[in-house]
Amino acid sequence: MRVEELMTVKFSDIQVVEEVINNEKHKILHIHNIKGKTREGSCKSYIGAYSALERIIKRRNIQNWQKSDEKLFLIKHRVLFNTILNKLNLKIANTKPPRKRDFVSLRSTYITFRLLAGVSPDDIATNCRNSANVIRKHYAVDFGGILIKDLNKTRTSKLVWED
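Residues numbered from 1 in each chain as written. Predicted model: local features only at pLDDT ≥ 70, side-chain atom pairs only at ≥ 80, totals over all residues. Heavy atoms only, no water.

Focus on the overall build of the protein
Phase 1 of the analysis: Looking only at helices and strands, the protein has six helices and three strands in total.
Phase 2 of the analysis: When the elements of the protein are put in sequence order from the N terminus, they spell out α-β-β-β-α-α-α-α-α.
Phase 3 of the analysis: Per-residue burial for the protein yields a buried fraction of 36% across its 163 residues.
Phase 4 of the analysis: Of the contacts formed within the protein by residues at least 6 apart in sequence, a portion of 56% connects residues at least 24 apart. (Helix = DSSP H or I, 4+ residues; strand = E, 2+ residues; numbered from the N terminus. Buried < 20%, exposed > 50% of the residue type's maximum accessible area, 1.4 Å probe, protein only. Contact = heavy atoms within 4.5 Å.)

Quick look at the structure:
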C-alpha cells in the first residue's frame, strides 16, 4: 500500500482469511475500502501480516476489532523508518548512482520480491492498485515474465520472517 493509503485503513476494513500456500495454511489479510490516489480498492497482505495485526490489537487493547472504526495506524512511520535506516547506515543504497532509501522503498521492495518469486506483473498491479504497464516498465523489465496465480507463492517453504 502507499503511505497515504496506510493512514486511512480502519480495523473494520480488514478481513482475515485462511489460504493454503506451499501446502501450509496461513492467515492472510484482505484489506478493503483503501482510499487510493485514483480510486478506492482492496488488496491482499503477504504472509506474516496477521501476526503483526494481532500484536497491534493486543498492544492497543482493541475489543471487537472487526467492527472497530479506529484507524489501524495512528502515526506515520516514515520518521522512525528513516531513523533506523540512518543508524544502520542503510539510508543510501550501494548502487550506481547511489539512491536514497525511504519508507516508500518498502513498496518497491515488495513489488520486486513478488516479481523475483515469479508472480505476474498483472497480479502485482491488481494487488497494488497500479497499472501493469508501470510494473513492467519500472520493475519487471529485468525479470522476464512467468505467470503464477498465487500472489503469496514463495521459492522456499521456510518463511524466516514469520513468528
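Details of the pairing of strand 2 (residues 24-35)
The side chains of a regular strand alternate, first on one face of the sheet and then on the other.
Phase 1 of the analysis: Strand direction decides the pairing type here: strand 1 (residues 14-21) and strand 2, joined by eight bridges, are antiparallel. Residue Glu 18 lies in a different strand from strand 2, and its bridge partner there is Lys 27.
Phase 2 of the analysis: In textbook terms, the turn of a hairpin is the stretch between consecutive antiparallel strands, and for strand 1 and strand 2 this stretch comprises two residues, one of which, Asn 22, has a positive phi near 55°. (Pairing = 2+ DSSP bridges.)

Comments concerning helix 5 (residues 121-128)
Phase 1 of the analysis: Taken together, the buried positions of helix 5 are Pro 121, Ile 124, Ala 125, Asn 127 and Cys 128. For helix 5, the angular spread of the buried residues around the axis is 165°, confining them to a single face.
Phase 2 of the analysis: Elements in contact with the buried residues of helix 5: strand 3 (40-44), helix 4 (105-116) and helix 6 (132-138).
Phase 3 of the analysis: Phi for Arg 129, located one or two positions after helix 5, is positive at around 50°. (Arc of directions from axis to C-beta.)

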